[in-house]
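Summary of structural features
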Amino acid sequence: MASSQPIPATRARSRMQRFFASEFFHNYKRNLSAVLGSLIVLGFLVMVTIGPLIVSQNPYDVSQLDLMAAFKPPAWLAGGSSEYWLGTDGQGRDVLASIVYGSRISLIIGLVAMGGACLLGTTLGLIAGFYGGRLDAVIMRIADIQLSFPSVLTALFLMSAFGTGLDKVLIALISVGWVVYARTVRGSTLRETQKEYVQAARVSGLPNRKIILRHVLPNVLTPLIVVATIQVGTFVLIEASLSFLGVGVPVTQPSLGLLIKNGFDVLFSGLWWVSIFPGLFIMLLVFGINLLGDFLRDELNPRLK
Amino acid sequence: MIKRLIQMVIVLWAVSVLVFVMMSFTGDPTFMMVPLDATDEQIAQARRILGLDESHLVQYWRFLSNIAQGDFGRSFVFRQPAMTLILERLPATLEIVFLAMVMALLVAIPLGVYAGANPKKPASRAVMAGSLIGISLPGFWLGMVLIFVVAVKLQWLPSSGRGPTTEWLGMRVSFTSWEGFRHLILPAITLSVGTLAILMRIIRAEMVEVMKQDYIKFARAKGAPAKVILFKHGLKNALIPLVTVFGLMLGDLIAFATLTETIFAWPGIGKLLVDSIYRGDRPVIVVYLMFVALMFVVVNFIVDVCYALIDPRIKIK
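We now turn to the structure provided with this report.

Procedures and definitions
Residues numbered from 1 in each chain as written. Chains lettered and ligands numbered in written order. Predicted model: local features only at pLDDT ≥ 70, side-chain atom pairs only at ≥ 80, totals over all residues. Helix = DSSP H or I, 4+ residues; strand = E, 2+ residues; numbered from the N terminus. Buried ≥ 20, exposed ≤ 12 C-beta atoms within 10 Å, placed from the backbone. Contact = placed C-beta atoms within 7 Å. Nonpolar A, V, L, I, M, F, W, Y, C, P; charged D, E, K, R; others polar. Expected span 1.5 Å × (residues − 1). Bend = angle between axes of the 7 residues up to and from the residue. Core = buried A, V, L, I, M, F, W, Y, C linked by C-beta atoms within 7 Å. Axes fitted to C-alpha atoms, helices over the stretch in contact; angles between N-to-C directions. Parallel < 35°, antiparallel > 145°, perpendicular 65-115°, else oblique. Left-handed = near helix turned anticlockwise from the far one by under 90°.

The subject of this paragraph is the overall build of chain B. Of regular secondary structure, chain B possesses 13 helices and 2 strands. Taken along the three principal axes of its C-alpha coordinates, chain B extends 85 × 55 × 35 Å. When each of the 317 residues of chain B is scored for burial, the buried share is 36%.

Okay, structure coming up:
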C-alpha cells in the first residue's frame, strides 16, 4: 500500500495525513460496502461503550425491573410503550437494554478470543515455519486433525467438558481458532526465511529469536488482518450457538445468543420480539464485520489486483 | 493410498485419545449414577463397577480395546448400548442433512454461475450481498424466524417433531409420506442456508476464474453458443474444486444439525448429543464423537479418491 505521492522531505505531513492520501484510503472511500461495514462496526463499538449510559435500565439490576411491564410489545405495536422501544421480556427487562449489554459481552468474547487465537496461532506458526523438523510436523498434524472437525462441534465438545463460563468460552474459541493463523503464518514464514534479508540476518549472527521477531514477524502479519477481522464475526456466531445450546456464557452474563435462547421459550406464545431482535443484532454485527473483511481481503491481497 | 489409510487410523486414534482425556479429567460420572444419599461404600462400589478405580492408563486401554471389539459402552440414561442409540437416530439426521444439501446445491449452482459469469450486473451484486447475509446470520435464529412466521402465524407447516415415519431399506424415514415430508421442510431450509451461502460464493469465485481462461476465449472466438460456453466449458470446470469442499460441507451440516434439531425437536443424533451433554451421559457423547470422526475421515478419503478420478492431474498422496 505505498503512498501514491512521494513523502515530503520536510516531514510536515503526519502519519494521519499520509493515510488519508494513500491508495488504501482512496479505494475505501469509493467502496460503498466497505464504508457501510465500518459504519456498522463503529456503531456497535459506540453502542457497547456508551450505550449503557443511555438506555433507561440496567437489565441485570433486579431493583430496576418492573414485573408489571413484562412482555410489552415493541413501541410501534398496540400495547407497546415508548419507554420500551423493542418491548420487554418476562421479567420486565427492556429488550433494547438487554441487547446493548448482550452485544457488549458478545463483542468482548469475539475480540478477546480472536486476540488469543491470533497470538497462539502466530507463535506456533512462526515456530513451525522457522525451525521446521519434528516440531513443525507435530504442530501441523494437530492442525490438520482439528481442521477435519467443524469448529462448532469441537467448541461444543470442549464446553460440554468444561461447563459454562465466560473464561471457558474463551478457551474453547481460542482452541478452535488458532489453527488458521498457524497455517497462514507457517506458509509465509517458510517463504520469508528463503529470502535474502533473513539469510543476511542469520549470517550476521543475530539470534533466532531476534530474527523471528524483528524480521520475519512484521512480514507475515498482513494476511492475518483479514483472517482476524472475519474471525471476530465467526466467533460471535459460534459463541451465540454455544450459548443458545446452554453451554456458553452463564445466565448472569447473557450474550446475544443467550438472549435468543431465553426468548425461544416464549416464541410459540407469539412473543417474538424477545428472541428475534437479539438475532437481528447478531446478524447486523457479523454482516458489518464480513463486509469489512471482504474489502480488506480484496485490498491486501496483491494477487487479486 | 496405503499411506493415506494409515493416516486415517492415526487420526481416529488421536481423536480417541483426545476424547478420553477430556472425558476423564472433567468431573466424575459416579455422582450422576448413585442416589444423593449414597454411602461411601456404595459410591466406591459404583466406581468399581464403572472401572473408575483404576489408573487412567488402564482405563484408556480398556476403552480402546472395547472400541476395537465394537463395544462402545452403555448410555447411563437409556441403559442401552450407546451405539444402538446413535444408529437408531442416524436416519433422521441424514434425512435433513441430505435434503439441505440438495436444496443448497439446487439454489447455489444457478445463482453462483450467474453471478460469476456476469460479475458486474446489479443482480449479481444482490446475489453476493444476499450470500453475505446468509453467512452472517445465526442459522438457529433463522429457524426460529421460520417457526414464528410459517408455523405459528401462517400455520402452513408443522413447527416441531418428525411426523409419521415408514420403514425404508431398514431405516425409519419420513420423506415417504406427505405429512412426514411437511415436517422435513423447515428444518432442512434452516440447515441449508449457511451452506448455500458458502457454496454460492465458492462457485461464483470459481466461475470468475474459469471464465478468464484461454479455452473460454477460444470457444467464444469459434462462435460457440453462450449457453454451451457457460455450462459445458465453464461450469464443468468450475465444479471440480467443489468436490473438495464436499467433506467440509457435510461436516458443517452435521455440526449445525445439533442446533437445527434442538430447535425443531427433531429426533436425530444432533439432538441426542445436546441432550446427552445436559444429562452428562458420557458414553453417548464419546460414541457420537468417535462416530462422527469416523464418518468425516471416510468421507474425506472418498472425496480425495473422487478428486483424483475426476482430475487426472492429481495423484493421491
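The helix and strand tally for chain A stands at 12 helices and 0 strands. When the helices and strands of chain A are listed from N to C terminus, the series reads α-α-α-α-α-α-α-α-α-α-α-α. Along the three orthogonal principal directions, the C-alpha set of chain A runs to about 75 × 50 × 30 Å. The buried share among the 305 residues of chain A stands at 44%. Partitioning the contacts of chain A with sequence separation of at least 6, the portion at a separation of at least 24 is 67%.

Much of the literature gives interface size as the accessible area that the parts lose upon coming together. Contact residues are listed per partner, giving 33 residues for chain A and 32 residues for chain B. Looking at the side of chain A that touches chain B, the elements that each hand over two or more residues are α6 (151–162), α10 (222–244), α11 (256–267) and α12 (273–300) of chain A. Considering each element in turn, the side of chain A that touches chain B owes the most residues, 9 residues, to α12(A). Classifying every residue of the side of chain A that touches chain B gives 25 nonpolar, 8 polar and no charged.

Our focus in this paragraph is α11(A). In this model, α11(A) (12 residues) spans 16 Å end to end at C-alpha, consistent with the 16 Å of a helix rising 1.5 Å per residue. Counting buried positions along α11(A) yields 9 of 12 residues, so the element is predominantly enclosed. For α11(A), the full list of buried residues reads L256(A), G257(A), L258(A), L259(A), I260(A), K261(A), N262(A), G263(A) and L267(A). The secondary structure elements touched by the buried residues of α11(A) are α4 (95–131), α10 and α12 of chain A together with α7 (139–153) of chain B.

All names here are of chain B. With respect to the element layout, L242 can be found in helix α11 (residues 240–264). Through-space distance from the C-alpha of L242 to that of L199 is 8.2 Å; in sequence the pair is 43 residues apart. Filtering out sequence-adjacent residues up to four positions away, L242 remains in contact with I202 and I203.

Because an α-helix packs 3.6 residues into every turn, residues spaced three or four apart end up facing the same way. If you check helix α8 (residues 178–210) of chain B, its first and last C-alpha atoms are just 42 Å apart, much less than what 33 residues at 1.5 Å a residue would give, namely 48 Å. At V193(B), α8(B) is deflected by roughly 35 degrees, the largest bend along its length.

Soluble globular proteins: nonpolar side chains tend toward being buried together. By size, the foremost hydrophobic cluster in this structure holds 159 residues, and its most contacted members are A155(A), L173(A) and L253(B). The leading source of residues in this core is α4(A), at 17 residues. When sequence neighbours within four positions are dropped, the list of residues in contact with L173(A) reads A113(A), A117(A), A155(A), F235(A), I238(A) and E239(A).

With that settled, the discussion passes to the packing of α4(A) against helix α5 (residues 133–147) of chain A. Residue and element names in this part refer to chain A. In contact at an axis separation of 7 Å, α4 and α5 are set at 140 degrees when each is read in the N-to-C sense. Taken together, the axes of α4 and α5 lie oblique to each other. For α4 against α5, the interelement crossing comes out left-handed. For the pair α4 and α5, contact is made by L124, I127, A128 and Y131 and by G133, L135, D136, I139 and M140, respectively.

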